[in-house]
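The lines below spell out each chain.
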Amino acid sequence: MLIAGALLSLPLLALFAVLVGRRDAAHSITYAGCFVASIALLAGGLTYLGGHDASPRLVLPLGLPWLKAHFRIDNLSALFMLMINLGAAAASAFAVGYSQHLPQRRRVTPFFPLFLLAMNLVLMADDAFIFLVSWEFMSLASWLMVVSDHTEEENRKAGNVYLIMAAFGTFCLLPAFGLMAGPGGDFTFDAMRIKDLGLMGGFLVALLAIMGAGSKAGLVPLHAWLPLAHPAAPSHVSALMSGVMTKVALYGMIRILLDLHGTLSWHWGAGLMLVGGITAVMGVLYAVLQDDLKTLLAYSTVENIGVAVIGLGLAIAFKGDGQTELAALALVASLYHMANHSVFKTLLFLGAGAVISATGHRSLTVLGGLLKRMPWTGTAFLVGAAAISALPPLNGFVSEWLILQSLFKGPAMPHWAMKFGVPVVGAFLALAAALAATCFVRAYGIAFLGRPRSTDAAQATEVSFGMRWSMVVLAVLCVVLGVIPVTVTDALSHAVQPLTGVQFAVSADLGWPWLSPVSATRGAYSGTILVMFGLALFAIAIFTVHRLGTQAIRRADPWDCGHPEDIPQTQYTSQSFAQPLRRAFGHTIFQARETVVMPEPGDDAPATHKVTMFDPIWSGLYAPLGRVIGWIADHVNRLQYLTVRGYLLMMFLTLVFMLLVVAVRQQL
Amino acid sequence: MNQQFSYDIAHLIGATVLMAGFSLLYQRRLFAVLNSFAFQALALAAAAAWQAHVQDAPHLYFTAAIALLFKAIAVPFALHWLVERLGIHRAVETALSIGWTMIVGVALVALSIMLVLPVTAAAAALTRESLALAMSVVLLGMLMMITRRNAVTQVVGFMALENGLILAAVSAKGMPLVVEISIAFSVLVAMTLFGIFFFRIRERFDSLDVAYLESYRGDRS
Amino acid sequence: MNAMIWQVLQIILVVALAPLITGYVRWVKARLNGRRGPSPIQPYRDLYRLLQKEAIVAHSASWIFRAAPYVTFASVWLAACIVPTFTTNMVLAPAADLIALVALLAVGRFWTALAGMDVGTAFGGLGASREMLIASLAEPAMLMVTFSLSLISGTTAPGQIVAFVLAGNVGVEVSLGLALAALVMVAIAENGRIPIDNPATHLELTMVHEAMVLEYSGRHLAMIEAASMVRLTLFIALIATLFAPWGIAQPGAGPLGVLVGMGAFLAKTFLLASALAVFETSIAKMRVFRYADFLGGALLLGLLATIFLYVSEAV
């Protein structure tokens, strides 16, 4: 079997990388092997997606003796396998060339195949044990790669925060699965599906699942590790962590909430929608003020996860209300967004990796003019930026459109919380989408356009063949996913069908090129037709202009009000671009303040411009929590230093307490 | 003309009163605040006049006249004169930024709407929408009083709150004139008191920022 | 078949009429200022003159600078082809709705902003950053207007909204008034009109849209100007169609119906253009840092429009 072979090859590749790591070629070979394995898994996922009634199962005598290891690939798993392995293949192909630029590659390459293995196993797990073990493995493998460059202080801090948050996530998921298994202790998913949880149990499981999977996906306020860990890892790993691992987390959320839990009321949907909306807006607000390209992309991931969770929340709300058609629409929209995000976020991170390997810098303050030096990377990054800004005819717009259409159906529900909540969440979503476009105009414009702001940027060269082509393929995929949306939604509805019980036909009314959920009069979109007409109009415009006018062109210096300055520092910097946004949005939320100190005339001290901002979530939640935990730890630490008599006293007190409990219970 | 159409027009005028309330929160200049208030009073007069026409209640024309003369013309002129006489700083000082004030305003409108929803539609005396609009105007007036530092803007907020009450009163069928007169007199008294207090506060502190009053509370050092 | 004919007619109409509308607005403004003003057909002459001139491109500009005018023009043109002007019976109607319209305008803005940053001057960045600030609030406001309209009429397609209104299902709604106010504010912002931006300014520090396209000359500038004109026509047509659709020919109307639709469209357009000119003459441009308040107000108006629907039982 293709899948089994691919999965088994991954640990072998890891071993190979460890043994032969000293040679440079070994790393490229390992990544090439990962590429082949990912393609094999992709093909496997493709064969199992698509209207199969029986999903393949496998029970292996591994793990716990009374539980064994259950594996199953149903439509949902197959869909996510497609997404995951596509990103993995692109990142592996990229890393074939990129790993040569990494000084710490011997600490990265062995864990990469294991990371891929763990993610695929999470998707295929059919019992709680395999799920959680693979989940932890995924966290650990990625953590090892995050701290691979441990000489930097910020990477160590990122690793610490990541490890704590990953542990928190598992800490939430363990009791969730425990509650679902119940006192009988049957940890297989089949048993969990049919078990009735009761009111309290259901509430706790939903809460824990959202907190656990949500922290891994990056929901506010549990997102704080994302903008620290994703930039710290090498770029191909960041691409996978952002584009792919967050999807595995969302898979976990969908699996627990929609499949195993089964009795979720619409309140959870409303709450999830609100959390998603806040996540989207906060994520993009942080992103638009960042200078570091990879931190910007990490915050943008937070925003997109928020958008996907809005769709998911809507689906849960509709399903809890019994409106399965609309639930299917919302879920298809959410899954489409996840698929789109995994493609364009991987593309963007790989682009950032290319920029880092070509210039040695991550900060927007020293980049510029890279499009002319790196045309392939620049064009691919442009497609990614346009896709993430939800511009037609690319894929980002289609998922945005679908989520908006399902939001517009929200007030059909009779609950007043939904009726008021849906417009508010709609406003959040629209705001997040518009700010995302702003964010990426800024990132792309500062990094790739204009004049180079440093000699490193001025001397950048295009990256190697593998790196280039992995980005180009992803860019082409962005276009394809946008232009044939109906094919994609048909594929997604196979995954949606077992979760909502509805076979969702997205173009029932109008036929293939038109996406018309619900009905034709409701509102339709056709990426194919718009592209055709758009290209036709574009051609007509060029043709007419060249006929009516002249084709002459002359190169000259740019207009600068009569003061021709050749210094690239006179152009807009990333902070200049962000200033109106900082003033409009950051004044209250981030307490953004600017102080300008202008020396008196005659004084030759430099003028200074200082911007102070503070992170409300970190300062408001994490830092105090850290302090409290530290305080508790310090005080509990005293238990380490008791005398012998002290320890005996403790044992005696515990014994007396337990006897007291027994005595009291006997009386009652 | 049919009842639905007359309700629609009434609601449209009521919405204009509400929008004027938002416009009060939006302004940064004191004279623009006074102009917005005059506009709100004008819209209120129009609402009263329309209700007088539709309900066939001639005493409401008096209400409209009072609103027009008193609140749209006299009060803004008086406050304008006060501002010039006292030499008050012409910019509006806010305790909460304008953007956030507007967001809270929208939330208050949503709250009013949620509150009136249990009332059955087209109830006998007052329609749901009129009640929601009036309550929103009242809440916005209160919001203005809370989020503005300058005493003049707080007076305007109080007047705007009062506009909301009158809007509710005219929208309900069968509200007698005595209510209008009593409200009008209470407004007059309030204006006089405020005017006196303005002069006293200004004398004392050289400013009309009410934060200065805090230091005279007595039990705090 | 008819749908194709009307669509082609629409495609030609929006481009042919756009310079006239812009010229007319300028002419009315000049008259209101006490000047004689240029003839309303002057923009046609301006565009032709620009097309004959050599395009000057900075050394540091990349292919984005050269492609952006055409992409912007094509996307705005495509968006304008979707808005029903004299008839709703068009081929493109099922391919795009109001959400796609907003996004197509965003495409044009994306490319123009990138082109502004491409040359690497301070003014380009200035224009681009201000334009994106405006967009980040105007776009959500327009989506909220779409939301309100879709809640009232049950659809996001403009043709279907027109059909709904013309069938007499909508009374005088407060929400429609609020949505109209929000859309007008958005239209002013998107088209760079006073009080957001002065289209006739020569001071770079007060520019928003002009600063982004400061480097353009010749046929590139002609394309950008043409795109602005088509965008103005688009918004005027959108406001007229969504809020005053009487006269628009529905599917199944004969040539007479289409003629009536055309007449109605022209009348409404010139009325709104006059109103725009009067409005621009009577108000001053606002400071850049008040844009957020203004457009935030538009967004909140849109949100209010949606919320008000619940109390008036239109939902």
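Keep in mind it's a predicted model, so treat the numbers as computed, not measured. (Residues numbered from 1 in each chain as written. Chains lettered and ligands numbered in written order. Predicted model: local features only at pLDDT ≥ 70, side-chain atom pairs only at ≥ 80, totals over all residues. Heavy atoms only, no water.)

A few points about the overall build of chain C
In terms of helices and strands, chain C carries 11 helices and 1 strand. Listing the helices and strands of chain C from first to last along the sequence gives α-α-β-α-α-α-α-α-α-α-α-α. Here the C-alpha atoms of chain C give a radius of gyration of 19 Å, agreeing with the 20 Å that 2.2 N^0.38 yields for 315 residues. Across its three principal axes, chain C shows a C-alpha extent of roughly 55 × 45 × 40 Å. Look at the contacts in chain C between residues 6 or more apart in sequence, and 81% of them connect residues 24 or more apart. In the form shown here, chain C has an accessible surface area of approximately 9700 Å², with 67% of it arising from carbon and sulfur atoms. Of the charged side chains in chain C, 18 are positive and 16 negative; the average position of the first set lies 10 Å away from that of the second. (Helix = DSSP H or I, 4+ residues; strand = E, 2+ residues; numbered from the N terminus. Rg over C-alpha atoms; globule rule 2.2 N^0.38 Å. Contact = heavy atoms within 4.5 Å. Areas by Shrake-Rupley, 256 points an atom, 1.4 Å probe, with all protein chains shown as cover. Lys, Arg positive; Asp, Glu negative; His and termini not counted. Charge placed at Lys NZ, Arg CZ, Asp CG, Glu CD.)

Topic: the interface of chain A and chain B
Listed as interface residues are 4 residues of chain A and, on the opposing side, 6 residues of chain B. At the boundary of chain A with chain B, total buried surface from both sides reaches about 410 Å², with 88% on carbon and sulfur atoms. Of all residues in chain A, the largest losses of buried area upon contact with chain B belong to Trp 416, Phe 420 and Thr 588 of chain A, amounting jointly to 88% of the total for that side. Taken together, chain A and chain B are joined by 0 salt bridges. Taken together, chain A and chain B are joined by 1 residue pair in polar contact (both at pLDDT 80 or more). Secondary structure elements with two or more residues in the side of chain A that touches chain B: helix 17 (416-448) and helix 22 (574-589) of chain A. (Buried area = accessible area lost by both parts, 1.4 Å probe. Salt bridge = Lys/Arg side-chain N within 4 Å of Asp/Glu carboxyl O. Polar contact = N/O pair within 3.5 Å; in protein donor to acceptor, adjacent residues only side chain to side chain.)

Regarding the confidence of the model for chain C
The predicted model of chain C has a mean per-residue pLDDT of 90, with 99% of residues at 70 or higher. Element-level pLDDT for chain C is lowest in helix 8 (residues 209-212) of chain C, with a mean of 88, against a maximum mean of 95 in helix 9 (residues 218-243) of chain C. (pLDDT = per-residue confidence, 0-100.)

Things to note about the packing of helix 15 (residues 375-388) of chain A against helix 4 (residues 98-118) of chain C
Interaxial distance between helix 15 of chain A and helix 4 of chain C falls to 11 Å at its minimum, and their mutual angle equals 135°. It follows from the interaxial angle that helix 15 of chain A and helix 4 of chain C lie oblique. For the pair helix 15 of chain A and helix 4 of chain C, the crossing hand works out as right-handed. For the pair helix 15 of chain A and helix 4 of chain C, contact is made by Leu 382, Ala 385 and Ala 386 of chain A and by Phe 110, Trp 111 and Leu 114 of chain C, respectively. When grouped by side-chain class, the residues that make up the contact of helix 15 of chain A with helix 4 of chain C number 6 nonpolar, no polar and no charged. (Axes fitted to C-alpha atoms, helices over the stretch in contact; angles between N-to-C directions. Parallel < 35°, antiparallel > 145°, perpendicular 65-115°, else oblique. Left-handed = near helix turned anticlockwise from the far one by under 90°. Nonpolar A, V, L, I, M, F, W, Y, C, P; charged D, E, K, R; others polar.)

Structural notes on the interface of chain A and chain C
Residue-level contacts link 82 residues of chain A with 85 residues of chain C. Carbon and sulfur atoms supply 73% of the area buried between chain A and chain C, which totals about 7200 Å² over both sides. Of all residues in chain A, Phe 408, Leu 537 and Arg 555 of chain A give up the largest surface area on contact with chain C, accounting jointly for 9% of the area buried on that side. Here Arg 554 of chain A and Glu 54 of chain C are joined by a salt bridge, their closest N and O atoms 3.0 Å apart. Applying the counting criterion to the chain A and chain C interface returns 23 residue pairs in polar contact (both at pLDDT 80 or more). Every element with two or more residues in the side of chain A that touches chain C is listed here: helix 14 (370-373), helix 15, helix 16 (395-408), helix 17, helix 21 (527-548), strand 3 (553-556) and helix 22 of chain A. Looking at the side of chain A that touches chain C, the element that brings in the most residues is helix 17 of chain A, giving 19 residues. Residues that form the side of chain A that touches chain C fall into these classes: 54 nonpolar, 18 polar and 10 charged. Bridge count for strand 3 of chain A against strand 1 (residues 55-58) of chain C is 4 bridges, and the pairing is parallel. Residue pairing in the sheet places Arg 555 of chain A in a bridge with Val 57 of chain C of strand 1 of chain C. (Pairing = 2+ DSSP bridges.)

Focus on the packing of helix 13 (residues 324-359) of chain A against helix 20 (residues 485-500) of chain A
Residues and elements named next belong to chain A. At a closest axis distance of 9 Å, the pairing of helix 13 and helix 20 adopts a crossing angle of 125°. Comparing their axes, helix 20 and helix 13 come out oblique. Of the two elements, helix 13 crosses helix 20, and the hand of that crossing is right-handed. Here Thr 324, Ala 327, Ala 328, Leu 331, Val 332, Leu 335 and Tyr 336 of helix 13 come into contact with helix 20, specifically with Pro 485, Val 488, Thr 489, Leu 492, Ser 493, Val 496, Leu 499 and Thr 500. Among the residues making up the contact of helix 13 with helix 20, the classes are represented as 11 nonpolar, 4 polar and no charged.

Describing unusual backbone geometry
Here the bond from Val 220 of chain A into Pro 221 of chain A is cis, since omega is 0°, no more than 30 degrees from zero. Looking at the element boundaries, Pro 221 of chain A is found in the loop between helix 8 (198-217) and helix 9 (226-232). The residue after Ile 194 of chain C, namely Pro 195 of chain C, is reached through a cis peptide bond having omega 10°. Among the structural elements, Pro 195 of chain C can be located in the loop between helix 7 (174-190) and helix 8. In this structure, Gln 591 of chain A takes a positive phi of about 50° despite not being glycine. With respect to the helices and strands, the residue Gln 591 of chain A is situated in the loop between helix 22 and strand 4 (593-597). A residue is classified by how much of its surface remains accessible, and Gln 591 of chain A, at 36% relative accessible area, is partly exposed. (Buried < 20%, exposed > 50% of the residue type's maximum accessible area, 1.4 Å probe, protein only.)

A word on the nonpolar core
Counting 418 residues, the largest nonpolar core has Phe 131, Phe 177 and Met 241 of chain A together with Phe 308 of chain C as the members making the most contacts within it. The element that contributes the greatest number of residues to this core is helix 13 of chain A, accounting for 22 residues. If near-sequence neighbours (up to four positions away) are discounted, Met 241 of chain A is found in contact with Phe 115, Ser 142, Val 146, Tyr 162, Trp 225, Ala 229, His 230, Ala 233 and Thr 246 of chain A. (Core = buried A, V, L, I, M, F, W, Y, C linked by side-chain atoms within 4.5 Å.)

So, helix 21 of chain A
In this model helix 21 of chain A runs 31 Å from its N-terminal to its C-terminal C-alpha over 22 residues, within 8% of the 32 Å that 1.5 Å per residue would give. As for helix 21 of chain A, its buried residues are in contact with helix 19 (465-483) of chain A together with helix 1 (2-32), helix 2 (42-52), helix 3 (63-82) and helix 9 of chain C. (Expected span 1.5 Å × (residues − 1).)

Here we look at the pattern of salt bridges
Under the definition given, this model contains 21 salt bridges over all chains. A salt bridge links Asp 46 of chain C to Arg 49 of chain C, with the nearest nitrogen and oxygen atoms 3.3 Å apart. Of this pair, Asp 46 of chain C and Arg 49 of chain C are both found in helix 2, 3 residues apart, which corresponds to roughly one turn of the helix. Judged by its relative accessible area of 22%, Asp 46 of chain C falls in the partly exposed class. Through salt bridges with shared partners, a single ionic network connects Arg 57, Asp 74, Asp 126, Asp 190, Arg 193, Arg 255 and Asp 259 of chain A.

Some thoughts on a nonpolar patch on the surface
All names here are of chain A. Among the surface-exposed residues, Val 628, Trp 631, Ile 632, Val 636, Leu 639, Leu 642, Val 644, Tyr 647, Leu 648, Met 650 and Met 651 lie close enough to one another that they form a single nonpolar patch of about 1000 Å² accessible area. When contributions to the nonpolar patch are tallied by element, the ones reaching two or more residues are helix 23 (616-636) and helix 24 (644-667). It is helix 24 that provides the largest number of residues to the nonpolar patch, a total of 5 residues. Along the chain, the position of Leu 642 falls in the loop between helix 23 and helix 24. Assessed through its relative accessible area of 31%, Leu 642 is described here as partly exposed. (Patch = residues over 30% accessible without salt bridge, like charges linked within 9 Å, V, L, I, M, F, W, Y side chains within 5 Å.)

Overview of helix 15 of chain A
Residue and element names in this part refer to chain A. Along its 14 residues, helix 15 runs 20 Å from first to last C-alpha, staying within 8% of the 20 Å computed at 1.5 Å per residue. With 10 of 14 residues buried, helix 15 lies mostly within the body of the structure. Turning to helix 15, its buried residues number three or more, namely Thr 377, Gly 378, Ala 380, Phe 381, Leu 382, Gly 384, Ala 385, Ala 386, Ala 387 and Ile 388. Taken from the residues just after helix 15, Ala 390 is the one with a positive phi, measuring 60°.

Let's talk about the UniProt feature "transmembrane region" (unreviewed entry) in chain C
Residue and element names in this part refer to chain C. In this structure's numbering, the residues bearing the UniProt feature "transmembrane region" (unreviewed entry) are residues 6-27, 63-86, 92-111, 132-155, 161-188, 229-249, 255-279 and 291-311. For residues 229-249, the helix share is 71%, the strand share is 0%, and the end-to-end C-alpha distance is 25 Å. Summarising residues 255-279: 100% helix, 0% strand, and an end-to-end C-alpha distance of 36 Å. (UniProt positions renumbered as here; feature names shortened; annotations may be inferred.)

What to know about the packing of aromatic side chains
Residues and elements named next belong to chain A. In this structure the tally under the stated criterion is 27 aromatic pairs over all chains. Seen in terms of ring centroids, Tyr 31 and Phe 112 are 5.1 Å apart; in terms of plane orientation they differ by 70°. Their pairing is edge-to-face. With Tyr 31 in helix 2 (residues 24-48) and Phe 112 in helix 4 (residues 111-124), this pair connects stretches of sequence that are 81 residues apart. Relative accessible area serves as the criterion here: at 0%, Tyr 31 is assigned to the buried category. (Phe/Tyr/Trp six-rings, centres within 6.5 Å; stacked < 30°, edge-to-face > 60°.)

Considerations on the domain arrangement of chain A
Think of interface size as the accessible area that goes away when the parts come together; that is how it is often given. Residue and element names in this part refer to chain A. For chain A, the assigned domains are domain 1 (274-503), domain 2 (572-612) and domain 3 (617-667). Here domain 1 and domain 2 have C-alpha centroids that lie 30 Å from each other. Facing 14 residues of domain 1, the contacting portion of domain 2 comprises 11 residues. Carbon and sulfur atoms make up 78% of the area that domain 1 and domain 2 hide from each other, which totals about 1200 Å². Linking domain 1 with domain 2 are 0 salt bridges. Summed over the shared surface of domain 1 and domain 2, the result is 4 residue pairs in polar contact (both at pLDDT 80 or more). (Domains from an automatic or database assignment.)

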